[in-house]
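# Survey of secondary and tertiary structure
So the chains spell out like this:
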Amino acid sequence: MAVSLRTKLASSYILVVLICVILISLLANLFLEKQFRNYVTKNQERRNQQVVSSISQQIGAQGEWHTQDIAGLGMNALEQGLILKVKDNSGRTIWDARTHNSGMCQQMISHMAENMLSRYPNWKGGYMETQYPVIHGFQKVGIVEIGYYGPFYFDDVDLAFINTLNRILLGVMALALFAAFGGAAVMAKRLSAPIGRVIETAQMIAKGSYATKSREKSSIRELNQLTGAINDLATTLDKQEQLRKQLTADVAHELRTPLATLQSHIEAILDGVWKADPERLQVCHNEVTRLNRMVADLGKLAKYESENLVLNLTEFDLSVLIQELALNFENEFRRKGSTLNFYGEPVMIFADRDMLTQIMINLISNGLKFTPAGGKVEISASKLKDGIEISVGDNGPGIDSDDQPFIFERFYRADKSRSRLTGGSGIGLTIVKALVETHHGVIKVNSTKGTGTEFIIFLPQAKESPV
Ligand code: ADP
């Protein structure tokens, strides 16, 4: 089921936040607490040492115990959770917290147990005692027994520290979740609003409104690419639509003239205005031939321009093909008093032979058609580093530079009056271009009015070869 961008973004942001916070909490509780326990344990030991050293300092110069001061220290220690018992070397008790205030001792111990159980419900701690010697003037004068809750315990301040840490983590989690929601909402809006507008444009284009263009400008590269692609699509569709309309109009226009000529001639013959003599019939025949050629050319063009045209690729020598064609054209050239020359070494090519034949026929016949009697058509073929170049040049009338960009368009004839004489339909070069492009090649024209015309074809060498 498809969900909205907002939901998708929000859920992924929240997932990331949850993973981060949970990981941080786990790490904090595992490592930080371990460190903290070490710290607390060390602290405990340090405090014990301090108490012992304070007691040592209360011993008089002659080794007498200042019971009063020691009692003060003992009380102080008791408040910090340490239960002291001080004895001299003979085992006599100097001060004992339990005899002093047994109730308070009990209370301290149970308070510590409570603290630990509140943090760790399964805590197994208990009352522990450690003995430290009391040293005075490098001599042991007695011992201090320090009782405490062990192996370590958290006092109220420690507990407050841990709880604050956890509360901060919870706060961070809440803030991060809030930020994730907010961020997702903002991002979703920034993404979905322009996408929505591009969708609207696409829908308009789908309805045929090709002039609709999206003016969406975004800081997100992919969105700009999407907008660009939609606009290009609209332009392409628009162009195709124009071409389709143009083609229908052109075909109608091209058919009109020969059909009108035919009609008027036949009507004149039927009405008895003209006799059906060979001269009149020849005119009709010429028009029918022209129509036939045009329909045949259109058929070929449709075939070559169709997208799923299958190429019958074979490897052959292009020079041999051109020489064969030159032989076929020999008579026509001779009749006109023109010459056809071919220059070239053997050039092996991997291509569709029929298509290359068609390309060469169209270019050679154009050369013959447009070059006046006595003209020259020269063909060359050569192998380049990454493909094959074919050139067909003539010393004919040339093509006006204004016309050059259009000569490959269907029905385009640079010189309408002349082409009526040559019988051209204006499709020959369109077919050549379609065939060259089918082979992923390019065709160019170099022509100077009055000097001649040269068509240059470049065909890239096909990747795979049958041999
Ligand atoms: P056509 O059937 O008229 O020959 P093409 O598509 O073959 O149609 O050529 C289009 C136009 O290009 C021609 O009508 C002509 O004006 C010009 N053209 C093509 N080849 C030549 C050439 N070798 N010399 C001069 N003009 C040419």
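The text that follows walks through the structure, step by step, so that each part is easy to find. Since the model is a prediction, treat every value here as computed from it, not as a measurement. (Residues numbered from 1 in each chain as written. Predicted model: local features only at pLDDT ≥ 70, side-chain atom pairs only at ≥ 80, totals over all residues. Heavy atoms only, no water.)

A few words on the sheet that holds strand β6 (residues 339–344). Taken in spatial order, the five strands of this open sheet run β6-β8-β9-β11-β10, and their pairing is mixed. For this open sheet the edge positions go to β6 and β10 (442–448), each flanked by a neighbour on one side alone. The average undirected angle you get between the axes of adjacent strands in this sheet is 15°. Two strands pair when backbone bridges link them, and strand β9 (residues 387–394) and strand β11 (residues 452–460) are joined in this way by eight bridges, in the antiparallel orientation. Paired with Glu 389 across the strands is Phe 458, a residue of β11. Sheet contacts for helix α8 (residues 353–370): β6, β8 (376–383), β9 and β11; angle to β9, the most-contacted strand, approximately 20°. (Pairing = 2+ DSSP bridges. Helix = DSSP H or I, 4+ residues; strand = E, 2+ residues; numbered from the N terminus. Axes fitted to C-alpha atoms, helices over the stretch in contact; angles between N-to-C directions. Contact = heavy atoms within 4.5 Å.)

Let's shift gears to α8. Taking 1.5 Å of rise per residue, 18 residues should cover 26 Å, and α8 covers 26 Å from first to last C-alpha, within 8% of that figure. Among the residues making up α8, those that are buried are Met 355, Leu 356, Thr 357, Gln 358, Ile 359, Met 360, Asn 362, Leu 363, Ile 364, Asn 366, Gly 367 and Leu 368. The opening residue of α8, the one whose side-chain oxygen lies 3.1 Å from the backbone nitrogen of Asp 354, is Asp 352. (Expected span 1.5 Å × (residues − 1). Buried < 20%, exposed > 50% of the residue type's maximum accessible area, 1.4 Å probe, protein only. Polar contact = N/O pair within 3.5 Å; in protein donor to acceptor, adjacent residues only side chain to side chain.)

Here we take up the site of the ligand. The environment of the ligand is formed by 19 residues, the closest being Asn 366, Lys 369, Asp 394, Gly 426 and Leu 429. The contact in question runs from an oxygen atom of the ligand to an N or O atom on the backbone of Gly 428, over 3.3 Å. Separating a nitrogen atom of the ligand from a side-chain N or O atom of Thr 453 is a distance of 3.4 Å. Elements supplying a minimum of two residues to the shell around the ligand: α8, α10 (428–438) and β11. Taken together, the residues of the shell around the ligand break down into eight nonpolar, seven polar and four charged. (Near = heavy atom within 4 Å. Nonpolar A, V, L, I, M, F, W, Y, C, P; charged D, E, K, R; others polar.)

Right, let's talk about the sheet that holds strand β4 (residues 139–150) for a bit. With antiparallel pairing, the four strands of this open sheet are ordered in space as β2-β1-β4-β3. Because the sheet does not close on itself, it has two edges, and the strands there are β2 (93–96) and β3 (126–136). The average undirected angle you get between the axes of adjacent strands in this sheet is 15°. Alignment of strand β1 (residues 83–88) against β4, held across six bridges, turns out to be antiparallel. Bridge pairing in β4 links Ile 83 to Gly 147.

Attention now goes to a nonpolar patch on the surface. There is a patch of nonpolar side chains on the surface, built from Leu 15, Ile 19 and Leu 23 and spanning about 290 Å² of accessible area. Note that Leu 23 resides in helix α1 (residues 5–57). (Patch = residues over 30% accessible without salt bridge, like charges linked within 9 Å, V, L, I, M, F, W, Y side chains within 5 Å. Areas by Shrake-Rupley, 256 points an atom, 1.4 Å probe, with all protein chains shown as cover. Salt bridge = Lys/Arg side-chain N within 4 Å of Asp/Glu carboxyl O.)

For the structure on display, the rule yields ten salt bridges. Ionic pairing is found between Lys 245 and Glu 241, a salt bridge with its closest N-O pair at 3.9 Å. Of this pair, Lys 245 and Glu 241 both sit in helix α5 (residues 221–270), separated by four residues, roughly a single helical turn. On the basis of relative accessibility, which here comes to 47%, the residue Lys 245 falls in the partly exposed class.

A few words now on the nonpolar core. The biggest cluster of nonpolar side chains holds 45 residues, and the ones touching the most others in it are Leu 318, Leu 356, Met 360 and Phe 455. Element by element, the count of residues in this core is highest for α8, at seven residues. If near-sequence neighbours (up to four positions away) are discounted, Met 360 is found in contact with Leu 321, Ile 322, Leu 325, Ile 379, Ile 390 and Val 392. If you look at the next biggest cluster of nonpolar residues, it comprises 38 residues, including Val 52, Ile 83, Val 134 and Ile 146. (Core = buried A, V, L, I, M, F, W, Y, C linked by side-chain atoms within 4.5 Å.)

With that settled, consider the packing of aromatic side chains. All told, the structure shown has seven aromatic pairs when counted by the stated rule. Here Tyr 120 and Phe 154 contribute two aromatic rings whose centre-to-centre distance is 6.1 Å and whose plane-to-plane angle is 45°, an arrangement assigned as tilted. Of the two residues, Tyr 120 sits in the loop between α3 (97–119) and β3 while Phe 154 sits in the loop between β4 and α4 (156–206), which places them 34 residues apart along the sequence. Of the two residues, Tyr 120 and Phe 154, both sit in the buried class. Taking the centre distance of 6.2 Å and the plane angle of 80° together, the rings of Phe 408 and Phe 455 count as edge-to-face. Note that Phe 408 is positioned in the loop between β9 and α9 (416–422) and Phe 455 in strand β11, a separation of 47 residues in sequence. Here Phe 408 and Phe 455 have matching classes, each one buried. Connected via pairs of aromatic rings, a cluster forms that spans Phe 36, Tyr 39, Tyr 120, Phe 154 and Phe 161. (Phe/Tyr/Trp six-rings, centres within 6.5 Å; stacked < 30°, edge-to-face > 60°.)

Another point: the packing of α8 against α10. Axis separation between α8 and α10 bottoms out at 9 Å; the angle between their running directions is 145°. Classified by chirality, the crossing of α10 by α8 is left-handed. Of α10, the residues touching α8 (which contributes Met 355, Gln 358, Ile 359, Asn 362, Leu 363 and Asn 366) are Gly 428, Leu 429, Ile 431, Val 432, Leu 435, Val 436 and Thr 438. Grouping the constituent residues of the contact of α8 with α10 by class yields eight nonpolar, five polar and no charged. (Left-handed = near helix turned anticlockwise from the far one by under 90°.)

The terminal C-alpha atoms of α1, which comprises 53 residues, lie 74 Å apart, in line with the 78 Å expected from a rise of 1.5 Å per residue. Along α1, the sharpest change in direction is near 25° and occurs at Ala 28. (Bend = angle between axes of the 7 residues up to and from the residue.)

Relative to the assigned elements, Glu 454 resides in strand β11. On the accessibility criterion, Glu 454 (28% relative accessible area) is partly exposed. With 56 residues separating them in the primary sequence, Glu 454 and Gly 398 have C-alpha atoms 8.7 Å apart. Setting aside anything within four residues of it in sequence, one finds Glu 454 in contact with Ser 391, Val 392, Gly 393, Lys 444, Val 445 and Asn 446. At 2.7 Å, the side chain of Glu 454 forms a polar contact with the side chain of Ser 391.

Distances and angles like these do not, on their own, reveal function.
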